[in-house]
There are 2 protein chains.
Amino acid sequence: MELLNKHVSIRKFSDKLIDPDLLKSIIYSGTRASTTGNMQLYSVIVTKDTERKQKLLPLHFNQPVAKNAPVLLTFVADFNRFSKWCQYNEAQPGYNNLISFTNAVIDTSLAAQNVCIAAENNGLGICYLGTTAYNAKEHIEVLGLPKLTFPVTTVAIGYPEDTPELTDRIPVEGIIHDEVYQDYDKERINKLYAVKESLESSKAFVAENGKQTLAQVFTDVRYKKADNEFFSAKMLETIKAQGFLAD
Amino acid sequence: MELLNKHVSIRKFSDKLIDPDLLKSIIYSGTRASTTGNMQLYSVIVTKDTERKQKLLPLHFNQPVAKNAPVLLTFVADFNRFSKWCQYNEAQPGYNNLISFTNAVIDTSLAAQNVCIAAENNGLGICYLGTTAYNAKEHIEVLGLPKLTFPVTTVAIGYPEDTPELTDRIPVEGIIHDEVYQDYDKERINKLYAVKESLESSKAFVAENGKQTLAQVFTDVRYKKADNEFFSAKMLETIKAQGFLAD
């Protein structure tokens, strides 16, 4: 619990390299996560090579953490391997569809989280790069991903250079619903987000961006509707191109 | 690592109830998982009530584990709460799209896995029910889920009545790719799946179902193309109905 509860994303790594056997044993812990029908619908691409990292860097919008980490682990939803097994064993796979894609995305995420926890338990630090799904198309090219695969997320991993403070979360009561979903009125929302809004870092965010509210920093700067729509259209095309959705 | 590596799904639970404070602290550990832009794109619906469980049971295809568990936790991808926060703070949310849906599904899965690990660390046992996404539409009705939410997965949770053996996995080398994806030829596949195919339980599966290969048990019995297509079409409609994808 302690380990889970003190998790912080690490964005600066030391020069110390990760022992290959340690890396393998951490990824092994990923494979012990629950998986749909024990099909293990994921693959992990290990990027250490400087040139290849250079190609991935713009796909992560040049975030310094991506450059700084000694290793990038790209977690790929993978129905290719399982389908190949079927084909080589006189079985006709039928996994070129949305429910199979979804099962693979969930499997992949659970495995990734186990890898992160195992890494932290071994003194390593991690940072998820959510940019992977945004630029799935280009990841597919750079990493040579075949049909029936889809890059879901990337974990930057290495030995921490610094130890940031624990980040805020809304009170846990705010995400728990007893028996049925209790929708949020203004009063409840204000209460849940009061601490987040009162943080000095939040106030600085609002001021730096010339906004009135913290929410506007999200909607107008960080996660904008126009960007979301652009990347959603691109993603839909990529899911289709990878064979998970008919035109 | 030990905890992660010895994980087994528990399908039989004792009568012992889960202390509400323990349950809350376990869910709190879920909120410490990494989350996209610290938006916490998830909610957890706690089902204890016998009548409501009775309604959920057929949505999990009457799996005994769903009936047997004292608590079901339904993990819901949730952009409703965050969007409400935006609306109440003079900000225009733009999260009714596929990339936002995907971010929420990943956030939700990472939180769920943390909850499972925290649960096991406290002597509880868990079993994921992948059926949730298959019957998302009906879950939305029974749990009263609003637009911009989507039920991703359910965790059955309680004190273990038995301790099953560790299940097989393919060798970890089979999921790791060095720098670029190495596609699988017949020889590599045969090697990776040799242990799985040689298990007594696998052989029994093949025989019971009157099949020639283990792969055929998956394609012809457990995860059939026709079923996948049926549930994929249903899921696509539900994603649209929940406001995450335009028609």
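Along each chain, residue indices are assigned from 1 in the same order as the chain's sequence is written. Chain A is the first chain written and ligand 1 is the first ligand written, with later ones labelled in order. Reporting of local features is limited, given that this is a predicted model, to residues whose pLDDT is at least 70; pairs of side-chain atoms are given and counted only at 80 or more, and all residues count toward the totals for whole chains, interfaces and linings. For side-chain calculations, the full set of non-hydrogen atoms in the structure is used, while hydrogens and water are omitted.

Looking at an unreviewed UniProt entry, one finds chain A named Oxidoreductase and attributed to Draconibacterium sediminis. UniProt positions are given in the numbering used here, feature names are shortened, and annotations may be inferred rather than shown by experiment. What UniProt records for chain A under Sequence similarities (unreviewed entry) is the sentence "Belongs to the flavin oxidoreductase frp family."

## Some points on the pattern of salt bridges
Basic side-chain nitrogens of Lys or Arg form a salt bridge, by our definition, when they fall within 4 Å of a carboxyl oxygen of Asp or Glu. Throughout the structure, instances matching the rule amount to 18 salt bridges over all chains. Between A:Glu141 and A:Lys137 there is a salt bridge whose closest N-O contact spans 3.8 Å. Pair noted here: A:Glu141 and A:Lys137 are both in helix α8 (residues 136–143), with a separation of four residues, about one helical turn. Given a relative accessible area of 55%, A:Glu141 falls into the exposed group. Exposure remark for A:Lys137: the relative accessible area of 43% places this residue in the partly exposed category. Where B:Asp220 meets B:Lys211, a salt bridge forms, and the shortest distance between an N and an O atom there is 3.2 Å. Strands are runs of DSSP state E lasting at least 2 residues, helices are runs of H or I lasting at least 4, and numbering of each runs from the N terminus. Here's how the labels work: a residue is buried when its accessible area is under 20% of the maximum for its type, exposed when over 50%, partly exposed in between, all with a 1.4 Å probe on protein chains only.

## Some words on the environment of A:Ala104
Residue and element names in this part refer to chain A. Note on placement: Ala104 falls in helix α6 (residues 98–121). In sequence terms Ala104 and Leu124 are 20 residues apart; their C-alpha atoms lie 26 Å from each other. By definition in these notes, contact holds between two residues if any of their heavy atoms fall within 4.5 Å. What Ala104 contacts, discounting residues up to four positions off in sequence, is Leu41, Ala77, Asp78 and Phe79.

## Re the sheet that holds strand β4 (residues 149–158) of chain A
The sheet built from five strands is open, its strands ordered β3(A)-β4(A)-β2(A)-β1(A)-β5(B) with mixed pairing. Strands with a single pairing partner mark the edges of an open sheet, and in this sheet they are β3 (125–129) of chain A together with β5 (176–178) of chain B. Here the strands of the sheet are splayed against their neighbours by 25 degrees on average, with no regard to which way each runs. When DSSP finds two or more bridges between a pair of strands, those strands are recorded as paired. Pairing of strand β1 (residues 42–47) of chain A with β5(B), which is carried by three bridges, proceeds in the parallel orientation. Across the sheet, residue A:Val46 finds its bridge partner in β5(B), namely B:Asp178. To define axes, lines are fitted to C-alpha atoms, for helices over the stretch in contact only, and angles between the resulting N-to-C directions are given on a 0 to 180 degree scale. Helix-sheet contacts for α8(A) involve β1, β2 (71–78) and β4 of chain A, and the interaxial angle to β4(A) is about 80 degrees.

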